[in-house]
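Inside the fold
Each chain, written out:
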Amino acid sequence: MKKKTIFVISLTVILVTFLLAVFVQFNNQLKDQLNSHIKDHLEEIVKPNVVSFNMQIKEQIKRVNAISRVLGEDGYEIGSQEQIDFLKVVIDDNIYEDYIIALPDGVAISCTDNSIENVSDKTYFEKSLQGESYVTLPEHYENIIDPVIMLSAPITRNDMVVGVLICKYPSTELDSIFNTKLLYNLGEIYVVDKDGDKIIGHSEYTGDTTNLFEFLSQECSTDKSDSFDKWILNNETKTAMIVMNKTKKAIFLTYTKLDYGDWYMVAMVDEKEAYKSFDNIFNEQQKYIGMISGGVIVYLIILLALTFSDVRNVDRLTGGLTLRMFKYKAVKELKKNSSKAYVFVKIDIRNFKLINRIYSYDYGDQVIKNIAKSLEVTAKKENGIFCRVAIDEFIILLPFKSREYLDEERNHFIELFSVFMGEEFNKVITFPTGQFIVYKDDPERLDIDGIIEKVNFAHREAKKRSGDIIIDYVEDLENKEILAKSIEDRMNSAMENDEFKLYLQPKVDILNHNVVSGAEALIRWEYDGNSFMYPNDFIPILESNGYIVKTDMLMFEKSVKFLRNMIDNNLKPIRISVNFSRIHLANKHFVEELCKIADKYAVPHEYLEVELTESVLSDNVMKIQELISELHRNKFTLAIDDFGSGYSSLSLLKDIEVDVVKIDKEFFVQSKIPNRSKIVIENIITMSNDLNALTVAEGIEIGEQVEILRDLNCDMIQGYYFFRPMNADKIDLEIFNKEYTK
Ligand code: C2E
Ligand code: MG
Ligand code: MG
């Protein structure tokens, strides 16, 4: 499965889980919120009832006090008939059931039926006798549901309590409070005393149980935050949710202390009913959850749809195909078999990251879009398809007609691109190109991943080289890669087994009777007894892993030994030039090391020459000047190899003091030296002579070339015409310092 798919699926799972968690959490929170809302609401609703209860009682107390004041001041004997009669009149336009006057000894006379009772042991009597107005219930009231409330007040005369007035106030007078439309008539309200006994009002919830505490502890459990031991009625308002054990009904319960009688007002409402009355809030909230969840689900669906359809098929930047879709369509195209062959071409812009860096990322994007636009024209015209594989890398599939046709298409693409980007821009741009042609009869022609791998491989090779290069995939290419790997693995043992051999290619002094006066040291790798490898096949690998330092020094040492051998054989030594890789320039002790090796074998330095290619020298002019001075101080000479291959070869000569100029063998690949080349060669030679540098022509295979070069005053020739490189161990020392004769 692709990373992206895994990512999207994981994202979806995470989002759904997250959503569920949020939903559950939100719902719980909502419930909690609603609960606290209901609790608050209940307290709010109960509050006015508490206030009006307190006020109503207060009113009655005031009234009782006023009457008792009258009784205290009327001058009649306390409890006298005059006073009873007065009360009878008062009671007629009052709501009290009875007035009772108690004398200080506790004897009490009722004004309704003149009956007498002893109230000396009653709390209300005691309290009022001490000067307090008091509110209570009769200790044994018969009417549990609608009891009378006992209100008592002291009767004072000359600042002395001379009696107590007791009024029986029917609790039905408070009905309006208890019948209040609590939560849309869904709840109930009543009063309990400090022991939890219900005293006023009635409750269906508590049923037959007349004590609230009993009801709570036997029938109910509280919600988590509350336990019954906390439920000792105190002075604060308290609300909680309780669950009835039997019915599992949840009830909200609130109680508030009243100002009188040590009583508490209790309100209860069924949770479900309460919720119902808050339906609109609940629904509103749920609507939001619904909307959010809906939104997220739609988003997920879009995300999934995009991932599995368009996003996977359409490239974000260019709007073209993605690699996945390209592969799918390519297989379809290959199956059609409508062309004898198809070609897959992969291109990119060399050093694209510089474009981003020098211009901007936006500009870089524009460049990519323009590549896509140019490829699209070709693809449309030729019935091909293309896609962007990576940042600036594209693959195009076209029916293959011929190589010439393919070249034309490529040129056409470059032209189009330069129209989009502007000529100037195009001048500095190169497109390393890798291509692979799939023929109709190729058994693996539908293995699209294999094909992409091959075109990638060719493209990688093209990127390794310079310029606007096109590399065709051939099996060989891959073999080379495998070889590179095995070379790396074998290097150490090769060194130990002395598999790197010194070959010498003699140089002939054509201006001095063809005397063989020098040689170039060339490395060869002999392995497995009779296998053989040329430097071009392994030097780049040795250079890339730094191993070249060892082999170059080895060739140098072998050359020194060769010269030692010549000296030992009483022969005049020749001058041997040794190739050195650019890597040595980084070594400050390079010349020092050369001296050490030469001195170890006591070989005079003037017989040794360092060869560096022109490209190495031109890239490092400053460093080279120092190096040359050091070489010269130590009597070594320096040759500039492959001269003429670069763009500014001639100007290089003015900057550095080379001893030998080796003219690039590329000038001599054709048997006849073209006129223009001849002019260049002539100039190289003249200039070298003027600068006191010797000239060597390399790669000379034909006698005519020798003669031309002689005419042009070239000093020496190194080429197959005279000698091929020869194993230094087997070389006939007699050939040196003698005229060459064929
Ligand atoms: P180079 O230094 O320019 O060496 C000359 C190359 O031209 C040699 O190839 C030689 O065999 C070849 N050659 C000479 N005469 C003719 C001819 O008439 N016709 C043709 N077609 N070729 C001729 P070789 O030995 O394969 O070496 C290739 C390159 O590898 C060398 O080019 C040099 O750059 C590098 N090289 C060789 N040995 C060493 C070494 O020990 N160290 C380093 N760093 N590079 C080396
Ligand atoms: Mg060379
Ligand atoms: Mg050369």
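The present account deals with the structure reproduced in this document. The shown structure was predicted, so the numbers you read here are calculated from the model rather than taken from an experiment. (Residues numbered from 1 in each chain as written. Chains lettered and ligands numbered in written order. Predicted model: local features only at pLDDT ≥ 70, side-chain atom pairs only at ≥ 80, totals over all residues. Heavy atoms only, no water.)

**Concerning the overall build of the protein**
Helix and strand counts for the protein come out as 23 helices and 27 strands. Sequence separation of 24 or more characterises 61% of the internal contacts of the protein that already satisfy a separation of 6 or more. Surface accessibility of the protein: about 38,300 Å² in total, with carbon and sulfur atoms responsible for 52%. (Helix = DSSP H or I, 4+ residues; strand = E, 2+ residues; numbered from the N terminus. Contact = heavy atoms within 4.5 Å. Areas by Shrake-Rupley, 256 points an atom, 1.4 Å probe, with all protein chains shown as cover.)

**Here we look at the sheet that holds strand β1 (residues 98–102)**
Taken in spatial order, the 6 strands line up as β3-β2-β1-β6-β5-β4 in an open sheet, and their pairing is antiparallel. The outermost strands of the open sheet, each flanked by one partner alone, are β3 (116–118) and β4 (134–136). Ignoring strand direction, the axes of neighbouring strands in this sheet form an average angle of 25 degrees. Note that strand β2 (residues 107–110) and β3 share 3 bridges and pair antiparallel. Paired with I109 across the bridge in β3 is I116. (Pairing = 2+ DSSP bridges. Axes fitted to C-alpha atoms, helices over the stretch in contact; angles between N-to-C directions.)

**A short note on the coordination of the magnesium ion (ligand 3)**
Here the magnesium ion (ligand 3) is held by D641 (OD), D642 (OD) and E698 (OE), and the distances to it run 2.1 to 2.3 Å. For the magnesium ion (ligand 3), all donor residues lie on one chain, and their spacing in sequence is D-D-x55-E. The magnesium ion (ligand 2) is placed at 4.0 Å from the magnesium ion (ligand 3), the two being bridged by D641. Taken together, the residues span a long stretch of sequence, with D642 in strand β23 (residues 637–643) and E698 in strand β25 (residues 694–698) at a distance of 56 residues. With a relative accessible area of 7%, E698 lands in the buried category. (Donors = N, O, S within 2.8 Å, 3.2 Å for Na, K, Ca; no water. Buried < 20%, exposed > 50% of the residue type's maximum accessible area, 1.4 Å probe, protein only.)

**Some words on the packing of helix α11 (residues 361–382) against helix α12 (residues 403–421)**
The interhelical angle for the contact between α11 and α12, taken along N-to-C directions, is 140 degrees, at an axis separation of 9 Å. What the angle tells us is that α11 and α12 run oblique. For the element pair α11 and α12, the recorded crossing hand is right-handed. The segment α11 lies against α12, with Y363, V367, N370, I371, K373, S374, L375, V377, T378, K381 and E382 engaging Y405, E409, H412, F413, L416, F417, F420 and M421. Looking at the contact of α11 with α12 residue by residue, the class counts come to 11 nonpolar, 4 polar and 4 charged. (Parallel < 35°, antiparallel > 145°, perpendicular 65-115°, else oblique. Left-handed = near helix turned anticlockwise from the far one by under 90°. Nonpolar A, V, L, I, M, F, W, Y, C, P; charged D, E, K, R; others polar.)

**What to know about the packing of aromatic side chains**
With the rule as written, the count across this model stands at 25 aromatic pairs. With 6.2 Å between their ring centres and 85 degrees between their planes, F457 and Y473 make a pair best called edge-to-face. One end of the pair, F457, is in helix α14 (residues 448–464); the other, Y473, is in the loop between β17 (470–472) and α15 (475–496), with 16 residues separating them in the sequence. Note on F457: relative accessible area 4%, which makes it buried. Ring geometry for F556 and F580: centres 6.0 Å apart, planes at 55 degrees, overall tilted. Of this pair, F556 sits in helix α17 (residues 548–568) while F580 sits in the loop between β21 (575–579) and α18 (590–600), placing them 24 residues apart in sequence. Taken together, the ring pairs connect F500, W525, Y527 and F538 into an aromatic cluster. Just above the ring of Y527 sits the side chain of R490; from NZ or CZ to the centre is 4.5 Å. Here R724 stacks its cationic end above the ring of Y720, 4.0 Å away from the centre of that ring. (Phe/Tyr/Trp six-rings, centres within 6.5 Å; stacked < 30°, edge-to-face > 60°. Lys NZ or Arg CZ within 6 Å of the ring centre and 35° of its normal.)

**A short note on the coordination of the magnesium ion (ligand 2)**
At 2.0 to 2.2 Å from the magnesium ion (ligand 2) lie its protein donor atoms, namely E520 (OE), N579 (OD1), E611 (OE) and D641 (OD). Along the chain, the residues donating to the magnesium ion (ligand 2) are arranged with the sequence spacing E-x58-N-x31-E-x29-D.

**Brief notes about the site of ligand 1**
Surveying the vicinity of ligand 1 reveals 25 residues, the closest of which are R524, D552, D641, E701 and Y720. D552 places a side-chain nitrogen or oxygen 2.7 Å from a nitrogen atom of ligand 1. Contact with the protein chains hides 87% of the accessible area of ligand 1, taken as 780 Å² for the molecule alone. Elements supplying a minimum of two residues to the shell around ligand 1: β19 (515–527), α16 (535–545), α17 and β23. Considering every element that reaches the shell around ligand 1, the biggest residue donor is β19, with 4 residues. In the shell around ligand 1, the residues fall into 10 nonpolar, 6 polar and 9 charged. (Near = heavy atom within 4 Å. Polar contact = N/O pair within 3.5 Å; in protein donor to acceptor, adjacent residues only side chain to side chain.)

**Side note on the sheet that holds β17**
Read from one edge to the other, the open sheet built from 5 strands follows the order β14-β15-β13-β16-β17, with strand pairing classed as mixed. What marks the edges here is a single partner per strand, and that holds for β14 (385–390) and β17. Taking the axes of each pair of neighbouring strands and ignoring which way they run, one obtains an average angle of 20 degrees across the sheet. Alignment of strand β13 (residues 341–347) against strand β15 (residues 393–399), held across 6 bridges, turns out to be antiparallel. Looking at β15, one finds that F344 is bridged to L397. Docked against the sheet, α14 engages β13, β15, β16 (433–439) and β17, running at close to 145 degrees with respect to β16.

**Notes on helix α5 (residues 212–219)**
Listing the buried residues of α5 in full gives L212, F215 and L216. The buried residues of α5 occupy an angular sector of 95 degrees when projected down its axis, which confines them to one face. (Arc of directions from axis to C-beta.)

**Digging into empty space enclosed by the protein**
Gaps left between atoms are located by rolling a probe of water-molecule size over the structure's atoms. A complete count under the given rule lists 4 cavities of 30 Å³ or more for this structure. Volume-wise, the largest cavity comes out at about 200 Å³. Considering the residues around the largest cavity, the lining is formed by 16 residues, among which V345, I347, I396, E409 and R410 are closest to the centre. Sorting the residues of the lining of the largest cavity by element identifies β13, α11, β15, α12 and β16 as the ones contributing at least two each. Ranked by the residues each element gives to the lining of the largest cavity, the list is headed by α12, at 5 residues. Per-class residue counts for the lining of the largest cavity are 9 nonpolar, 3 polar and 4 charged. (1 Å grid on protein atoms, 1.4 Å probe; cavity = no way out; pocket = protein on both sides within 12 Å on 5 of 7 lines; lining within 4 Å. Points joined across faces, edges and corners; volume = space filled by probe spheres on them.)

**Considering the pairing of strand β22 (residues 608–613)**
With 5 of its 6 residues buried, β22 lies for the most part within the structure. Here 4 bridges tie β21 to β22, and the two strands are oriented parallel to one another. Paired with V578 across the strands is V610, a residue of β22. In this fold, the crossover linking β21 to β22 by way of α18 has right-handed handedness. Both β22 and β23 contribute to a ladder of 5 bridges, which runs parallel. In the strand pairing of β23, L612 is matched with I640. (Right-handed = clockwise from strand over helix to strand, strands pointing away.)

**Overview of a nonpolar patch on the surface**
Taken together, the side chains of Y288, M291 and I292 define a hydrophobic patch exposed on the protein surface, amounting to about 350 Å² of accessible area. With respect to the helices and strands, the residue I292 is situated in helix α7 (residues 279–308). (Patch = residues over 30% accessible without salt bridge, like charges linked within 9 Å, V, L, I, M, F, W, Y side chains within 5 Å. Salt bridge = Lys/Arg side-chain N within 4 Å of Asp/Glu carboxyl O.)

**Notes on unusual backbone geometry**
Glycine aside, negative phi is the norm for most residues, and most peptide bonds take the trans geometry. One non-glycine residue, N337, adopts positive backbone phi at about 60 degrees. Its location among the elements puts N337 in the loop between α9 (323–336) and β13. Relative accessible area serves as the criterion here: at 27%, N337 is assigned to the partly exposed category. Positive phi, close to 55 degrees, is recorded for D498, a residue that is not glycine. Position of D498 among the secondary structure elements: in the loop between α15 and β18 (500–509).

**Concerning the nonpolar core**
Counting 83 residues, the largest nonpolar core has L612 and L709 as its most contacted members. No other element matches the 8 residues that α17 contributes to this core. Apart from the residues within four sequence positions on either side, L612 is in contact with F580, S581, L585, L617, I624, L627, L638, A639, I640 and D641. Of all hydrophobic cores here, the second largest spans 39 residues; its members include L71, Y96, I149 and I189. (Core = buried A, V, L, I, M, F, W, Y, C linked by side-chain atoms within 4.5 Å.)

Remember that the coordinates give geometry; whether it matters functionally is a separate question.
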